[in-house]
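Commentary on secondary and tertiary structure
The primary structure of each chain is shown beneath.
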Amino acid sequence: MRGKKLISLLLVGTLCFGMGFTSQASSASEAKKEASKAKEKADKAKEESQELKEQKEQAETERQTISAQLDALLDEISVIEEKILDKEEEITLKEDELIQARVDENDQYESMKKRIKYMYENGNGQFVEILFEAKDLSDFLNKTEYISSISDYDRDMLTKYQEIVRQVEEQEAALQKEQEEMEVMQDELIVKQGSLQTLLASKENEIDGLKEEINANAERVKKLEAAAKAAADAARKKAEAEAAAKEAAAQAEAARKNAAVSGGASDEIVVSGNGTFTHPCPGYTRISSQFGYRTAPLRGASTNHKGTDFAAPTGTPIYAAADGTVTSARYSGNAGNMIVINHGNGLQTYYMHCSRIFVRAGTRVSKGQHIGAVGTTGNSTGPHLHFQVMSGGRPVNAMNYL
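Every value quoted in this text rests on a predicted model; they were computed, and no experiment measured them.

Analysis parameters
- Residues numbered from 1 in each chain as written.
- Predicted model: local features only at pLDDT ≥ 70, side-chain atom pairs only at ≥ 80, totals over all residues.
- Heavy atoms only, no water.
- Helix = DSSP H or I, 4+ residues; strand = E, 2+ residues; numbered from the N terminus.
- Buried < 20%, exposed > 50% of the residue type's maximum accessible area, 1.4 Å probe, protein only.
- Contact = heavy atoms within 4.5 Å.
- Areas by Shrake-Rupley, 256 points an atom, 1.4 Å probe, with all protein chains shown as cover.
- Phe/Tyr/Trp six-rings, centres within 6.5 Å; stacked < 30°, edge-to-face > 60°.
- Pairing = 2+ DSSP bridges.
- Salt bridge = Lys/Arg side-chain N within 4 Å of Asp/Glu carboxyl O.
- Polar contact = N/O pair within 3.5 Å; in protein donor to acceptor, adjacent residues only side chain to side chain.
- Core = buried A, V, L, I, M, F, W, Y, C linked by side-chain atoms within 4.5 Å.
- Patch = residues over 30% accessible without salt bridge, like charges linked within 9 Å, V, L, I, M, F, W, Y side chains within 5 Å.
- Lys, Arg positive; Asp, Glu negative; His and termini not counted.
- Charge placed at Lys NZ, Arg CZ, Asp CG, Glu CD.

Here we come to the overall build of the protein chain. For the protein chain, the count of helices and strands is three helices and 13 strands. The buried share of the protein chain, reckoned over its 402 residues, is 32%. The contacts in the protein chain between residues at least 6 apart in sequence include a share of 73% that link residues at least 24 apart. Entry remark: accessible area of the protein chain is about 24,600 Å², with carbon and sulfur atoms responsible for 52%.

See the structure below:
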């Protein structure tokens, strides 16, 4: 009757574990989705941050190009200004030349008018007198040629001065045209300078805006990464809780099956061997993990193994190693369901990862008494008994006592 009640209780516990596990599994799944979404947001913000940095680098390159163009343009304007000044000096010189040429032309013209007027007012008598004064034919011809040369000279000089005036006027006009063309070029360059300065200012404003956007996005990335980390931590904790619930459900199911087979603790006393302690799992002497240093079999397990692990199927009976008093019989974290027996003289034995416990704290037990069943509760890689001997508060090799 007592066995049937125990089986019923185990079935109810298994059902509760299953319901809890289903709820936790759903919660863990939602947490994973939230963590995934948070990570996607953080990654997208990082991509946007990288794009903004690339845009800023491109804008800075464009700003440098515009600045170089502006510097070259300013140099070009400076050169044009120098050329315009040079042309102004050349035009000034030509104006002086033109004034002098016109003065020479005017002087020559006035001299010629005076001679013509003199000849008109006095007739040709003076020239005739000059000719009559000739001493001989040769002198007469020379005087005739002299009179003709004076007229030719006046005409030639006037023509020459007029030609000089014409040439200087043409040169001055050409210089003025060049100056006007250069002034037009200068105006165009100044307009271009204004455009480049406007473009440069616009590019600097764009860079400033990108800097502000990058800083703001960096803060957003920081917050999103923190949120993603928090979500990931929450998902991990929920997954761990899910795994723990799953393990607990499996253990409860195993306990239920074991209870269904054994019906509870056996009244039989089993003592084996000639050591200080009887073997806690007689018939299952294969050691799956020795006492002392080892490679941790799973995360959270110790590398300094304080006990000896005997591999055995779930439900295998566990017997008290010697007479003593049960000081603890409960679930204890990584140890799972654990029984601790005090044997006196500074000796205690620990029985960990039990699937079932058949004794209570304060109970007096006998050597070889059935106290529990092998399981895989707590931090375990599979069904086994972790048997640990403590002497004077320090773990010692259990094999020395069997």
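Alright, that's what it looks like, and here's the rest.
Topologically, asparagine 217 is positioned in helix α3 (residues 137-262). Here asparagine 217 falls in the buried class, since its relative accessible area comes to 6%. When near neighbours in sequence (up to four residues on either side) are disregarded, asparagine 217 contacts Ala45, Glu48, Ser49 and Leu52.

To continue, consider the packing of aromatic side chains. Scanning all chains against the criterion turns up two aromatic pairs. With a centroid separation of 5.4 Å and an interplanar angle of 20°, the aromatic rings of phenylalanine 277 and tyrosine 401 are classed as stacked. Residue phenylalanine 277 is found in the loop between α3 and β1 (287-289), and its partner tyrosine 401 is found in the segment after β13 (394-396); the two are separated by 124 residues along the sequence.

Another point: the sheet that holds strand β5 (residues 317-319). Pairing is antiparallel across the open sheet formed by three strands, whose spatial order is β5-β11-β9. This sheet does not close on itself; its edge strands, each paired only once, are β5 and β9 (356-357). Where β5 and strand β11 (residues 370-373) come together, three bridges link them in antiparallel fashion. What sits directly across from isoleucine 318, in β11, is glycine 372.

Further remarks concern the pattern of salt bridges. For the structure on display, the rule yields six salt bridges. The salt bridge partner of arginine 220 is glutamate 48, with a shortest N-O separation of 2.4 Å. On the criterion of sequence distance, the pair formed by arginine 220 in helix α3 and glutamate 48 in helix α1 (residues 2-122) is long-range, its members being 172 residues apart. Given the relative accessible area of 28%, glutamate 48 is considered partly exposed.

Among the structural elements, glycine 344 can be located in strand β7 (residues 337-344). Expressed as a C-alpha distance, the spacing of glycine 344 and aspartate 323, which sit 21 residues apart in the sequence, is 9.1 Å.

The pairing of strand β6 (residues 324-331) with strand β10 (residues 364-365) spans two bridges and is antiparallel. For threonine 325, the partnering residue across the bridge sits in β10 and is arginine 364. Where β6 meets β7, six bridges bridge the pair, whose relative direction is antiparallel. Its bridge partner lying in β7, threonine 325 is registered against asparagine 342.

Below, the discussion takes up the side chain of histidine 279. Summarising the element assignment, histidine 279 is placed in the loop between α3 and β1. Polar contacts involving the side chain of histidine 279 include one to the main-chain amide nitrogen of cysteine 281, which spans 2.9 Å. In this structure histidine 279 touches Ser272, Tyr284, Thr285, Phe310 and Leu402, once residues within four positions along its chain are discounted.

Here the focus is the nonpolar core. Among the nonpolar cores identified, the biggest contains 23 residues, and Phe277, Ile318, Ile339, Ile341, Tyr351, Ile371 and Phe387 are the most heavily contacted of them. Broken down by secondary-structure element, the contributors of at least two residues to this core are β7, β8 (347-354) and β12 (384-391).

As a further point, take a negative patch on the surface. Together, Glu81, Glu82, Asp86, Glu88, Glu89, Glu180, Glu181, Glu183, Asp187 and Glu188 give the surface a local cluster of negative charge. Note on placement: glutamate 88 falls in helix α1.

Non-glycine residue asparagine 345 carries a positive phi angle of around 60°. A relative accessible area of 82% means that asparagine 345 is categorised as exposed.

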